[in-house]
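Chain by chain, the residues:
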Amino acid sequence: MKKQLFKVLARLNKTVLPSFTKKQLDISKASKFQLAIIGWRAFVTMNSLD
């Protein structure tokens, strides 16, 4: 059940949140908000993997 929830969240993140790699964002120049989004996406992705 937990894994299914994270898989749904991963799909939702992909559609709703911006992709900073496509925008070629420099991590050292990212704002706190952008770093929070990157961290959230990484957390959800790690928990949704098998």
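Heads up: these notes are all about the structure in this document. Remember, it's a predicted structure, so these values are computed and weren't measured experimentally.

### Here we look at the side chain of N13
Item 1. In this fold, N13 is placed in helix α1 (residues 2-16).
Item 2. Every residue in contact with N13, bar those within four places of it in the chain, is listed here: W40, R41 and V44.

### A few points about the packing of aromatic side chains
Item 1. Applying the stated criterion across every chain, the model contains two aromatic pairs.
Item 2. Measuring from ring centre to ring centre gives 5.7 Å for F6 and F43, while their planes differ by 80°; the resulting arrangement is edge-to-face. Highlighted residues: F6 in helix α1 and F43 in helix α2 (residues 32-48), separated in sequence by 37 residues.
Item 3. When its relative accessible area of 9% is taken as the criterion, F6 is described as buried.
Item 4. When the ring of W40 is compared with that of F43, the centres are 5.9 Å apart and the planes differ by 35°; the resulting orientation is tilted. Pair noted here: W40 and F43 are both in helix α2, with a separation of three residues, about one helical turn.
Item 5. By relative accessible area, which is 37% here, W40 ends up partly exposed.
Item 6. One aromatic cluster in this structure is built from F6, W40 and F43.

How each quantity is defined
- Residues numbered from 1 in each chain as written.
- Predicted model: local features only at pLDDT ≥ 70, side-chain atom pairs only at ≥ 80, totals over all residues.
- Heavy atoms only, no water.
- Helix = DSSP H or I, 4+ residues; strand = E, 2+ residues; numbered from the N terminus.
- Contact = heavy atoms within 4.5 Å.
- Phe/Tyr/Trp six-rings, centres within 6.5 Å; stacked < 30°, edge-to-face > 60°.
- Buried < 20%, exposed > 50% of the residue type's maximum accessible area, 1.4 Å probe, protein only.

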